Each structure stands twice: as C-alpha cells, then as structure tokens.
Amino acid sequence: MRTDSKRLETWLTLAGGFLLIVLLPALNVLPLPEFLKVSDFTINLYGKYLCYAILAISVDVLWGYTGLLSLGQALFFTLGGYMMGMYLMRMIGTLGQYHQPIPDFLVFLGWSKLPPFWQPFDSFAFAMLMALVLPGALATLFGFLAFRSRIRGVYFSILTQALTYGACLLFFRNSLLMGGNNGFTDFKFILGHDLRSAGTQRGLYIATAITLMLVLVGCRWLSRTKFGLVQQAIRDSENRVLFSGYAAAHYKLFVFVLCALVASIGGVLYVPQVGIINPSEMGTEKSLEAVVWVAVGGRGTLVGPILGAFGVNALKSWATRAYPDLWLIFLGVMFVLVTVFMPRGLVGIPDQLRELAARFQKRKTDAEPPVTGIEPDKSLP
Amino acid sequence: MKFSPCNLLGAAAAAMLTFATATAESVKVGILHSLSGTMAISETSLRDTLLFAFDEINAAGGIKAGGKTYTIEPVIVDGASNWPLFAEKAKQLLEQDKVAVTFGCWTSVSRKSVLPVFEKNNGLLFYPVQYEGEELSKNIFYTAEAVNQQATPAVDYLLKMGKKKFYLIGTDYVYPQTTNLILYKYLLLHGIPAENIGGGFRKDADGKVISAGKYTPFSHTDYQQIVAEIKQFAASGDACVLNTVNGDSNVPLFKEIAAAGLSAADCPVVSFSLAEDELRALPTKDLVGELGCWTYFMSINTPENKAYLGRWDAWLKTQSYPGVVKEKRAMDSPMVLSYNGVYLWKAAVEKAGTFDVDSVRTALESGTITFKGPGGKTTMQKNHHTIKNVYIGETKANGQFKILKEFKDVAGEPFILKSLDEKLAAKK
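Remember, predicted model here, so these are calculated numbers, not experimental data.

**Examining the overall build of chain B**
- Tallying secondary structure elements over chain B gives 13 helices and 18 strands in all.
- Relative to a compact globule of 428 residues, whose C-alpha radius of gyration would be 22 Å, chain B shows 23 Å and is just as compact.
- Considering only C-alpha atoms, chain B reaches an extent of 90 × 45 × 40 Å along its principal axes.
- Sorting the 428 residues of chain B into buried and exposed places 51% on the buried side.
- A separation of at least 24 residues holds for 71% of the contacts in chain B among residues at least 6 apart in sequence.

Given below as structure tokens:
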C-alpha cells in the first residue's frame, strides 16, 4: 500500500514535470492550430506563477513541516530579485532615457559615477552569488538570534513581519541608492539575450519550471530523511524533541536558512519575467499572500503550495480582467470557504470526499434493520 | 401568441442580431487603473471620467475613421496598486485584447512598470497625472502636467509676491526628489541664494548638490520637528513652503502647521499633490488660504467648464456601472486630463483615418491636434506633452479653489534639469 502510493506520487511528479518543462513550451513554439497553441503571454504568465510556487514551497517547508509561520519569506524573495535586478540594470548599458553609462535613477539623483557597491554587479556570477549570500547571511543572523532565544509561535511570526517591514522602509529610501519607490525596471538584456523576445521569455520559463521541480524533489527527499523526521517532530512537539536530546534550534536554523535561499532563487527568476522589482514587493501583505496560497493548496504537503500559488494567482489574473470591481470580494469569499470547509486545502479534497463517502456508507448501514436470521415465532400471541 | 421556448429563442436571437449590428464596428480601448489597494481612492475617479468620456463619444456617434464609424468598447482591468500586476495587465490588454489605446496609470512607478510592455508591443498609453518629467517614450503621450506646468509657475507667482525664502518638503520618492532638484536650480537661477532654500541638501563627493529638501517616508505622521524648523525658517516673514508631500501625510502636516500658528498670510504653503478630489478627504479648515497649482480647477468660470460639469453630473445620475460613487463627487485636474486625453486621441484617429498606432502617433506629433476642454485649449506637441493653461488657486473652506492667477498656453517640457544646468553654467 505504502509503496503503491509512493510509486503513484513518483509518476505524478514525472507527469507534472513533463507537462511544465516539455509540453507547455512545445505547445508554445510548435506550429499548431490556434486552439492548441499556448501564447507567449500565457507562457510568461505561467513563469510568474511558478516563481510564486517556489516562494510558496519555501513558506510551506517552514510552516507546514517545521511549524514556523514565517511572514518574512517575501523579504528573501525580493532580496534575490534585487540582486538579479542590479545585474539587469547594469546590462541596460547606455540604452536608458539619459543614454548614460549608469542606471537612470542614479542620474535622476544627480550621480555621475557608479557608486562602488554597484560595480561588481556587471558580473552575472557575482550577482547570483550575492543572491545566495545576502539572504543566506540575513537568515543566519536573524535565525540564530531568534532560535537561540527560543522565540516561537506567534512571536516568531511577528518578528519576521517586523523584519520585512523594516527592510521595506529601508528600500523605499532613495538614499540607499537602490531605486527607492520605483525600484528597477525597463530591463533590456540577460546574458546577451534580448529580454523582450519570446524566445528569452520561454527560456526563463523553462529554467523556472526546472528549478521548481528540483526544489520539489529536493524538499521531498529532505522530508523523508532522518532530518525531516526531526523537523516534523519539532512541529508536533518541540519540547519532546528537546528532551530527547536534539538541539532543535540548530535544526530550525538550518531549515530557515534553506527556505530563505529557496525563496531568493524564486525571486531571481521572477524579476526578468515580470520586468520590475520594487520595495512594495516586500510589503507585509505579500508574505501573507504566500501563506494564503499554501493554506488554499494544502499545508504540510509539497504539491499543495504549487497548486495554491498557481490556482490563486490564475484566479486573480482572470478576475482582475473579468470582474475588475468585484474580484477582491470573490477572492475573500473563496478564502473563507476554503478555511471553513476545506481545512486541508485543494490537496485534501480526495481524502475529504473519501471520508464523506465512508460516513455516508456507515449511515446507510446503520439505518437498515439488523439482520438476525431468526424468523419471528408466529405462533406466539 | 403561444409562449414556447422556441419563440423565446427566436426573440433572443433577433435581439442579439440587432445588438450585434448596432455594435458591429467597435474599437477596444483599455482602462488600466488601480480599482483596489492604496491607490484606488484616487484612480477610481479616473476610471469614472474615462467611462463618462466614452459614453459621451458613443452617444455623439462614435469615432469616424476610414469612412466607418466606431463605438468605443472599454476593457477595464484592475492594476490593484500592485506594480508587477500593472505590467501583467498591460500585456494582457495589448497581447490578448489587442486594444487600440490605453488610458491609465497614476503613480510614476506604475508607468515605469508598463513602459517596457508598451514599447515592446508598440502600444499607445495616455498618462494623465502630474509627474516629474525626465522621460519620453515614443509609446506614451503625457497629458499630465510637466514640472514647468505646475511647480515652476508656482515659484514665479511666489517670487512676484515678494517671497525670498523657500522651504522644500516632500515624500521620499521620484516625483518630489526630481521636482525639488529642479526647483532648487530654478531658484538659484532666479537669484535666490542657497542659504534661503530650506529643507537641507545632500551633496556627492565633489560637493555637487544631488538632493534638495526635507523628505519623509510614505504615510509619515510626525511633523512636529519639521514644522518647528519651518517656523524658524519663516520667522523673517518672507518665506513660503513648496509641498510635494503625498497622500494622507498631508493631514498631520497641515494640522501641525495650524497648531504652530503659521498662517497662510505669513508663510503660504503651495501643495502640488492636493487637488479637489483629495481635499474631499482632508480637513480643509486647516488648509484655508494655502495655495494650489494645476492646469484645471473645478471653479474655472467659463461656459465650457460649466457645461462640462453639468454633463458630468447628469451622467453620474443615469449610469449604473458597478462601483461608481454618485454622491459628493468632485472634479479635478487628473480627471480632466484623462478626459482631454480621450478627445485628443479621438481627434488624432480621425485625422489619421485609422487606429494604427504609428499613424496615430504621427498625427499626434504633428502639433495640430487640439481639444478645447473644460480647462481651456490643449494642444499635443511633438515632445508628447501638451500646451495648456496653468492656474494658481487659493484653498477655500469648502474644498474648492479661488483662482488667483492664470498663465496662458504653457508648453510642457519634460527635460528641464539639463537645460537648467546649462543656464546656470552660462550665468556663472
């Protein structure tokens, strides 16, 4: 039974991966009749959803698997995005509004030379390295302090939210020289490829899909190792884990840093596909949104966050066009219904249906008269 | 007549057919504003004005192009005050809906977010809100006030009033930063020494001023210290404040100014981000006598404006679009500039005889596309900015402006910093 479900899971993962990585881009690029074709617009949109899915997985590994509700994942996502953004800004070259060799917003602010900390971002490798080092270092520092002081539960959530908000205010400041409120936009090239061409966008989409599958498989593997078991034990009862002689803080710190890196990679892939990064992306509501995706999809599973991120954002994209005035009410009602009637999210629906069917069956058997097999004695009065 | 499903179907088909023939020639036009989120309070008013303009054009027979008549079919999307979503919605409008033109955006960042999308797809965007300039995309037409159609005329007025000291204060984002830098240079050029420009400076390593004025973050509430500084600065009696603070921060700012006893007579405050629509939500008693500068005021006393406001009120009463507030509405400059944009585009399409973006752009750039709107005549120039009248007004307790001064036919100019630098260098 257990091996059966495992095999099914492997097959489903492979099928999902094939659909995302091979089939969709093929439908986009092959000369097909109109009704089969996936448009460039759709590919680009799905690329964005997949980045959100990576972010959602990072939230779920913390929340659903370790019991840490972090409201700061959007911060790491955005930091990764900013590092990518800095590289992309340098790749604009002199094609900006002012035709200067430095980014437009620096000209705006009266700079004539590139500030020193911007200079190494001409290199793609350096930017990618920073996209791992910066969120990693921040997560290590914050996690070390928080977990050493045994900050848990809602206090941990509040602290992560405060950290995100603080960073958001910092990035809004023009004097940080990171573009202020406008952030970075109007990108032109990535690694010599024109970002506006459909081919580049398709490439980015495929890179995102592959990354998502790797993250999914990696996180699933981790959850099944001994490490993963301790991780889930921390979620269920941290004190017991401590009394069993495990240093829970070390486990939590590792997961926290890992999830920061996963979120950051999501952000790196996100920026060239949406074409803008700015501080409102690390607003507190963004982190909350990611939590909602996980809740809708199914917490404590790895496919759930992907379904949730994809589903909620697809619904948002559709509703902001079809019902521009009512879509928020739409979404709100859906969230309420999901939390009340589907506590295990979209992923939990089959189980819920099965339970419902079982209960129905039970009631039916209860209602039928018991068969005793003994004929009543008609001779008695 | 027997009532059967067949009959009903037939009637429905007939009705649809007449409907279809009536709207056979329609052109899709995008509306890209935030209808939810922090910007919704400002941007929904622009959506309403655009729908009003479309209804007006459709009722008057639509747009005539290439021997055919087209009615406008609005495609409304919600950018939700979310800048990446703005880019996605712009892509959707251009690639999926294939709109002929889009009217939209309020914040600079939303415009910056959609700019690459419009350039890539060769779309057409009309942008209606006062902004910092320093941008010129071949795919965007700016019916908005450029800095020289709002901030510098206000300074001219104050100089004429005999003001000698200027305090610059704003919210920390691109529009105030750029405007204040322009104002700093403009004031220097007009003989105001740097020590009479308040708010502080930031200099680069070479000692060149790269930022002028005092800045607070969005939604800042504590203005006590800043107002104390302004009071000291204004002690000589010949000072004024140039205010580019945005949004709800203006409430604590003006409360503090009133509490400090700084009257509009001694030290007037000119606000560049407060129009009639914003004043609806502000305690106007704290603002009486303070100044505003726009290219339209609701109180303009011309027959065109009166007729326009009458039509607007009538439209508000009759239409049933969900989400349009009908009571206590105001009209202001961004709304009128949205409205003007629609008519400028219509005139350009009719001149070009087609909706093709390149032809419409050529028509708009020809300098002959003019519209006589509620704020006076407006003409599109080759530099994608308009020539229009600029008005200085004084805030009244009812949230309206009393017009003090009119500058006729000011030509919008997006790149001012560079020309100011050149003039300053020449002066030295």
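**Things to note about the overall build of chain A**
- Of the regular secondary structure elements, chain A holds 14 helices and 4 strands.
- The proportion of buried residues among the 381 residues of chain A is 41%.
- Look at the contacts in chain A between residues 6 or more apart in sequence, and 76% of them connect residues 24 or more apart.

**Some details on the nonpolar core**
- Counting 215 residues, the largest nonpolar core has A:Ala53, A:Ile54, A:Ala56 and A:Ile57 as its most contacted members.
- Among the elements that take part in this core, helix α2 (residues 40-66) of chain A stands out by supplying 17 residues, more than any other.
- Two domains each provide a minimum of three residues to this core, namely domain 1 (24-145 + 300-386) and domain 2 (148-299 + 391-427) of chain B.
- When residues no more than four places from it in sequence are discounted, the contact partners of A:Ala53 are A:Leu212, A:Pro305, A:Ile306, A:Ala309 and A:Phe310.

**Some points on the pairing of strand β15 (residues 370-373) of chain B**
Residues and elements named next belong to chain B.
- Only one face of β15 is covered, namely the one carrying Phe-371 and Gly-373; the face carrying Thr-370 and Lys-372 has none of its residues buried.
- Pairing between β15 and strand β16 (residues 376-380): 4 bridges, direction antiparallel. By the bridge assignment, Gly-373 is partnered in β16 with Gly-376.

**A word on the environment of B:Ala397**
All names here are of chain B.
- Inspection of the secondary structure assignment puts Ala-397 in the loop between β17 (386-395) and β18 (401-411).
- Separated by 166 residues in sequence, Ala-397 and Lys-231 have C-alpha atoms that sit 23 Å apart.
- The residues contacting Ala-397, other than those within four sequence positions of it, are Thr-284, Lys-285 and Val-288.

**Remarks on the interface of chain A and chain B**
- Counting residues at the interface gives 31 residues for chain A and 38 residues for chain B.
- Secondary structure elements with two or more residues in the side of chain A that touches chain B: α2, α6 (153-172), α12 (303-322) and α13 (327-341) of chain A.
- Looking at the side of chain A that touches chain B residue by residue, the class counts come to 13 nonpolar, 13 polar and 5 charged.

**Thoughts on α2(A)**
Residue and element names in this part refer to chain A.
- With 27 residues, α2 should reach 39 Å at 1.5 Å per residue; the first-to-last C-alpha distance of 38 Å fits that figure.
- At Asp-60, α2 shows its maximal bend, which comes to roughly 35 degrees.
- Among the 27 residues in α2, 24 count as buried, and that is most of the element.
- Within two residues after α2, Gly-67 carries a phi angle of roughly 75 degrees, on the positive side.

**Overview of the packing of helix α11 (residues 333-352) of chain B against helix α12 (residues 357-365) of chain B**
Residue and element names in this part refer to chain B.
- Look at α11 against α12: their axes get within 8 Å of each other, and the N-to-C directions meet at 110 degrees. It follows that α11 is roughly perpendicular to α12 by the angle criterion. Only Ser-359, Val-360, Thr-362, Ala-363 and Leu-364 of α12 make contact with α11, whose side of the interface consists of Leu-344, Ala-348, Val-349, Lys-351 and Ala-352.
- Split by residue class, the contact of α11 with α12 holds 7 nonpolar, 2 polar and 1 charged.

**So, the sheet that holds strand β4 (residues 101-104) of chain B**
Residue and element names in this part refer to chain B.
- The strand order across the open sheet built from 6 strands is β2-β3-β1-β4-β5-β6, with neighbouring strands paired in mixed fashion. This sheet does not close on itself; its edge strands, each paired only once, are β2 (63-65) and β6 (140-142). Here the strands of the sheet are splayed against their neighbours by 30 degrees on average, with no regard to which way each runs.
- Running at roughly 180 degrees to strand β1 (residues 26-33), helix α3 (residues 83-96) makes contact with β1, β3 (68-78) and β4 of the sheet.

**Regarding unusual backbone geometry**
- For A:His99, which is not glycine, the phi dihedral falls at a positive 55 degrees.
- Position of A:His99 relative to the elements: it lies in the loop between α3 (73-91) and α4 (104-108).
- Taking the C-beta count within 10 Å as the criterion, A:His99 has 10 such neighbours and is therefore assigned exposed.
- Unlike most non-glycine residues, B:Lys98 shows phi in positive territory, near 50 degrees.
- The topology assignment puts B:Lys98 in the loop between α3 and β4.
- Classification of B:Lys98 as exposed rests on a count of 12 C-beta atoms within 10 Å.

**Section: the domain arrangement of chain B**
Residue and element names in this part refer to chain B.
- Along its sequence, chain B is carved into domain 1 (24-145 + 300-386) and domain 2 (148-299 + 391-427).
- Relative placement of domain 1 and domain 2: their C-alpha centres are 28 Å apart.
- Of all the elements in the fold, those that place two or more residues in the side of domain 1 that touches domain 2 are α2 (40-59) and α11.
- Top contributing element to the side of domain 1 that touches domain 2 by residue count: α11, with 4 residues.
- Residues that form the side of domain 1 that touches domain 2 fall into these classes: 9 nonpolar, 12 polar and 6 charged.

**Concerning the pairing of strand β14 (residues 291-294) of chain B**
All names here are of chain B.
- Burial along β14 is two-sided: the face carrying Leu-291 and Cys-293 and the face carrying Gly-292 and Trp-294 are both buried.
- Here 2 bridges tie strand β13 (residues 269-271) to β14, and the two strands are oriented parallel to one another. Directly across from Val-270, in β14, lies its bridge partner Leu-291.
- Here β14 pairs with β17 via 4 bridges, running antiparallel. Bridge assignment links Trp-294 to a residue of β17, and that residue is Tyr-391.

Basis of the calculations
Residues numbered from 1 in each chain as written. Chains lettered and ligands numbered in written order. Predicted model: local features only at pLDDT ≥ 70, side-chain atom pairs only at ≥ 80, totals over all residues. Helix = DSSP H or I, 4+ residues; strand = E, 2+ residues; numbered from the N terminus. Rg over C-alpha atoms; globule rule 2.2 N^0.38 Å. Buried ≥ 20, exposed ≤ 12 C-beta atoms within 10 Å, placed from the backbone. Contact = placed C-beta atoms within 7 Å. Core = buried A, V, L, I, M, F, W, Y, C linked by C-beta atoms within 7 Å. Domains from an automatic or database assignment. Pairing = 2+ DSSP bridges. Nonpolar A, V, L, I, M, F, W, Y, C, P; charged D, E, K, R; others polar. Expected span 1.5 Å × (residues − 1). Bend = angle between axes of the 7 residues up to and from the residue. Axes fitted to C-alpha atoms, helices over the stretch in contact; angles between N-to-C directions. Parallel < 35°, antiparallel > 145°, perpendicular 65-115°, else oblique.

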